[in-house]
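Given next are the chains, with one letter for each unit.
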Amino acid sequence: MNVLVVGGAGYIGSHMVQLLVQHGHSVVVLDNLSTGYKPSVTAGKLIVGDIKDQLLTESILRENAIDAVMHFAACALVGESVIDPAKYYQNNIVATLNLLDAMRNCQVNKFVFSSTCATYGIPKIVPITEQEKQVPVNPYGFTKLAIENALRDYAKAYGIGYAALRYFNAAGAALDGSIGEDHNPESHLIPIVLQVALGQRETVSIFGDDYPTADGTCIRDYIHVQDLGLAHLAALERIENGCGIELNLGTGTGHSVREVIDVCREVTGHAIPEVMGKRREGDPPELVADASLAQAVLGWDPTIPGLKQIVESAWNWHRQNPFGYAKS
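Residues numbered from 1 in each chain as written. Predicted model: local features only at pLDDT ≥ 70, side-chain atom pairs only at ≥ 80, totals over all residues. Heavy atoms only, no water.

Visitor: Mind showing me how you'd approach the overall build of the protein here?
Guide: Check the secondary structure of the protein and you find ten helices and 14 strands. The C-alpha radius of gyration computed for the protein amounts to 19 Å, which stays within 12% of the reference 20 Å derived for 328 residues, consistent with globular compactness. With respect to the three principal axes, the spread of C-alpha positions in the protein is 55 × 45 × 40 Å. Per-residue burial for the protein yields a buried fraction of 54% across its 328 residues. Taking the intrachain contacts of the protein between residues at least 6 apart in sequence as the baseline, contacts between residues at least 24 apart amount to 77%. For the protein, the accessible area works out to roughly 13,800 Å², and carbon and sulfur atoms hold 51% of it. Charge-centre separation for the protein: the mean point of 24 positive side chains lies 3 Å from the mean point of 36 negative side chains. (Helix = DSSP H or I, 4+ residues; strand = E, 2+ residues; numbered from the N terminus. Rg over C-alpha atoms; globule rule 2.2 N^0.38 Å. Buried < 20%, exposed > 50% of the residue type's maximum accessible area, 1.4 Å probe, protein only. Contact = heavy atoms within 4.5 Å. Areas by Shrake-Rupley, 256 points an atom, 1.4 Å probe, with all protein chains shown as cover. Lys, Arg positive; Asp, Glu negative; His and termini not counted. Charge placed at Lys NZ, Arg CZ, Asp CG, Glu CD.)

And the structure:
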């Protein structure tokens, strides 16, 4: 297939581009580079631009005979979404609707959407199945759910086929060390802990140790970025016009903040000092996926389910690229 990867210079998008090319697909990347990096695009053709420009998007779809679109270009910081919701509604909803309308105008009917477990809000039952009510508690989650709702309507009215894949905690780096995770500012736990090991931070903060969990810290489901990509590949092959696939992507195993820090200490050999902070508002005690539906529908299982292996791949990349994609 000819696949347009929107946000393909970002963390998950860049790993997706590699996998698509490895599996014989032709790839065009569209990214405005607001948070992505040119060096992370190791295959395919990169076009610097924005999906807010619908005419540009349509020209790319037509000129490259695009068969399917994968969309990773979202603002994704929960705290920022509370402080600046306009940014999230404009980028995550308005721009995505522009993209969907460009696809309609060009008769491109396959769409893979990067969604999130944040659409569930604070779940009543863990592990979380797709039957859990979607009640987001922040603008980031609201915007992702809004697009899921739009996709249901676009499928019925316009025949677009889609997969909405609800990620849990993406982590790790390419196993060959070629690309990895680089956010500015960094908001994900594993790279933050590894920055302490690299001497770039003095300590790692734990936000609350009084949750109803075994060690009092929050529990999350960490899934390797390559496994996310493999699920996208499987979903791409199963999309049918006018139909939708909505699936959780996780390992089904949760790890606490303290567990993550301890595994990072083991992998890096560094002490990694920690400090205790207050709870962050809206942090659910536990987010763990029930991914059995993804296994049944896609024939997909995580290939790197162990937290230590995930951290090892991340540490391999961060150690070789201590300043991320920056040259100095």
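More follows now that the structure is in view.
Visitor: What should I look at first to understand the environment of Asn248 in this one?
Guide: By secondary structure assignment, the location of Asn248 is in strand E11 (residues 244–249). On the accessibility criterion, Asn248 (0% relative accessible area) is buried. Sequence separation between Asn248 and Ser292 is 44 residues; the distance between their C-alpha atoms is 8.4 Å. A distance of 3.5 Å separates the side chain of Asn248 from the backbone oxygen of Asp290, its partner in a polar contact. (Polar contact = N/O pair within 3.5 Å; in protein donor to acceptor, adjacent residues only side chain to side chain.)

Visitor: Explain unusual backbone geometry to me, please; I cannot follow it from the model alone.
Guide: Leaving glycine out, the prevailing phi sign among residues is negative, and the prevailing peptide bond configuration is trans. Residues Val126 and Pro127 are joined by a peptide bond in cis, for which omega reads 0 degrees. Mapped onto the fold, Pro127 is located in the loop between strand E5 (110–116) and helix H5 (139–158). Within the chain, Ala65 stands out as a residue other than glycine whose phi angle is a positive 50 degrees. You can see Ala65 is positioned in the loop between helix H2 (54–63) and strand E4 (68–71). Look at Ile272: it is not a glycine, yet its phi comes out positive at around 55 degrees. Mapped onto the elements of the fold, Ile272 is located in the loop between helix H8 (257–268) and strand E13 (274–277). With a relative accessible area of 2%, Ile272 lands in the buried category.

Visitor: Before we go on, may I ask you to explain H8 in this structure?
Guide: Each turn of an α-helix holds 3.6 residues, which means side chains three or four residues apart point in the same direction. End to end, H8 covers 17 Å across twelve residues, agreeing with the expected 16 Å (1.5 Å per residue, within 8%). If you check which residues of H8 are buried, you get Val257, Val260, Ile261, Val263, Cys264, Val267 and Thr268. One side of H8 holds all its buried residues, which, seen down the axis, span an arc of 160 degrees. In this structure, the buried residues of H8 make contact with helix H6 (189–197), strand E8 (204–207), strand E10 (222–224), strand E12 (255–256), E13 and helix H10 (307–320). With its phi angle positive at about 75 degrees, Gly269 sits one or two positions after the end of H8. (Expected span 1.5 Å × (residues − 1). Arc of directions from axis to C-beta.)

Any functional reading would require information beyond the geometric quantities listed.
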